[in-house]
Amino acid sequence: MPTAAKAPVKRGRPAFKPPRPSGSKAKRSKSTSQQKSAAATNIESSSGSDDDIASHAAGKSSDSEIELVSSSADAAEPSNTQDPPPVVPPALITRLLYHHLEKEQGDKMKIGREANMLVGKYLDTFVREAIARAAFERNQADEATGSGDGFIEVEDLEKLVPQLLLDF
Amino acid sequence: MTDAEDQTVEERLKAALWFSVGKIVDEEALKLGVNASPQFIGALTELLWTQIGNVSEDLRAFARHAGRKTISTDDVLLLTRRNEDLAKVLRSCLKR
């Protein structure tokens, strides 16, 4: 079944296919060689609309006392006209981490700029790996039944989650 | 912060995360020649949310164990101690 030939279904948002910068791909080898999730490593900046959301969320709770060790996200907003591959914006990651860290009592934790970037890469790999494995599961299921529309469903995610969480 | 406020913040954060995950899914699905249902994106967002919770918990424990108050890159690399390939990916990302 030629899955590649299928036209992607239009959803609410316009399809987003940025040009891949050459030489910025990292592949996870060995354990996941079948799934070939080529993780994009270009995470230094994100598109503007993305950051709007992040800063929107961040602005909501300005009363929190925690601070970024060296403010990363707001500083690195170059005017790149070429769309980078979509990533979770660093500012959002910082907010999310602090949201979870805040819940705990005790001493306050900060996170370094580099470490924050690395967490971003970690989560990016996590998401892309999950999608690649889900696509693999879907193809397996479609081949087994001889039908299917190539739509990744929640059940595909359910099948891969246990192993994924062991790997991460 | 009251509970209600806390909940709205959480909702907004989740919405922002959903948006980012949706974009990544769109891109990857296009590359892999598959389609993803909106439910899948929602479930993946929820999974990622939980994972972020676990990760931040671990990072805090690692940093505290090292007697630091700041989470460093070493702590993040320690997260990948059971997955050599993932550690390689992160290390190569760090070098650049």
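Just above sits the structure.
Residues numbered from 1 in each chain as written. Chains lettered and ligands numbered in written order. Predicted model: local features only at pLDDT ≥ 70, side-chain atom pairs only at ≥ 80, totals over all residues. Heavy atoms only, no water.

Visitor: Where do I start with the overall build of chain A in this structure?
Guide: Across its full length, chain A holds 4 helices and 4 strands. Along the chain direction, N to C, the helices and strands of chain A fall in the order β-β-α-α-β-α-β-α. The buried share of chain A, taken over its 168 residues, is 45%. Summarising the internal contacts of chain A: among those between residues at least 6 apart in sequence, 70% fall at separations of at least 24. Here chain A has roughly 8,600 Å² of accessible surface; of this, 52% comes from carbon and sulfur atoms. (Helix = DSSP H or I, 4+ residues; strand = E, 2+ residues; numbered from the N terminus. Buried < 20%, exposed > 50% of the residue type's maximum accessible area, 1.4 Å probe, protein only. Contact = heavy atoms within 4.5 Å. Areas by Shrake-Rupley, 256 points an atom, 1.4 Å probe, with all protein chains shown as cover.)

Visitor: Hey, could you run me through the pattern of salt bridges in this one?
Guide: Pairs can form between side chains of opposite charge whenever their charged atoms are close. Within the structure shown, the criterion is met by 14 salt bridges over all chains. As a salt-bridge pair, Arg-60 of chain B and Glu-57 of chain B come within 3.6 Å of each other at their nearest N and O atoms. Of the two residues, Arg-60 of chain B and Glu-57 of chain B both sit in helix α2 (residues 38-65), 3 residues apart, roughly one turn of that helix. We classify Arg-60 of chain B as buried; its relative accessible area is 10%. Taken together, the shared-partner salt bridges in this structure form one network comprising Asp-124 and Arg-128 of chain A together with Glu-27, Glu-28 and Lys-31 of chain B. (Salt bridge = Lys/Arg side-chain N within 4 Å of Asp/Glu carboxyl O.)

Visitor: What is the right way to read helix α4 (residues 154-167) of chain A from this model?
Guide: An α-helix turns once per 3.6 residues; consequently, residues spaced three or four apart project the same way. For α4 of chain A, with 14 residues, the first-to-last C-alpha span of 20 Å sits near the 20 Å given by 1.5 Å per residue. Listing the buried residues of α4 of chain A in full gives Asp-156, Leu-157, Leu-160, Val-161 and Leu-164 of chain A. Buried positions along α4 of chain A lie against α3 (113-145) and β4 (151-152) of chain A together with α2 of chain B. (Expected span 1.5 Å × (residues − 1).)

Visitor: Help me out: how do you make sense of the environment of Met-109 of chain A in this one?
Guide: Residue and element names in this part refer to chain A. By the element assignment, Met-109 lies in the loop between α2 (90-103) and β3 (110-111). Owing to a relative accessible area of 3%, Met-109 belongs among the buried residues under this scheme. A sequence separation of 11 residues divides Met-109 from Tyr-98, and the C-alpha atoms of the two residues are 8.3 Å apart.

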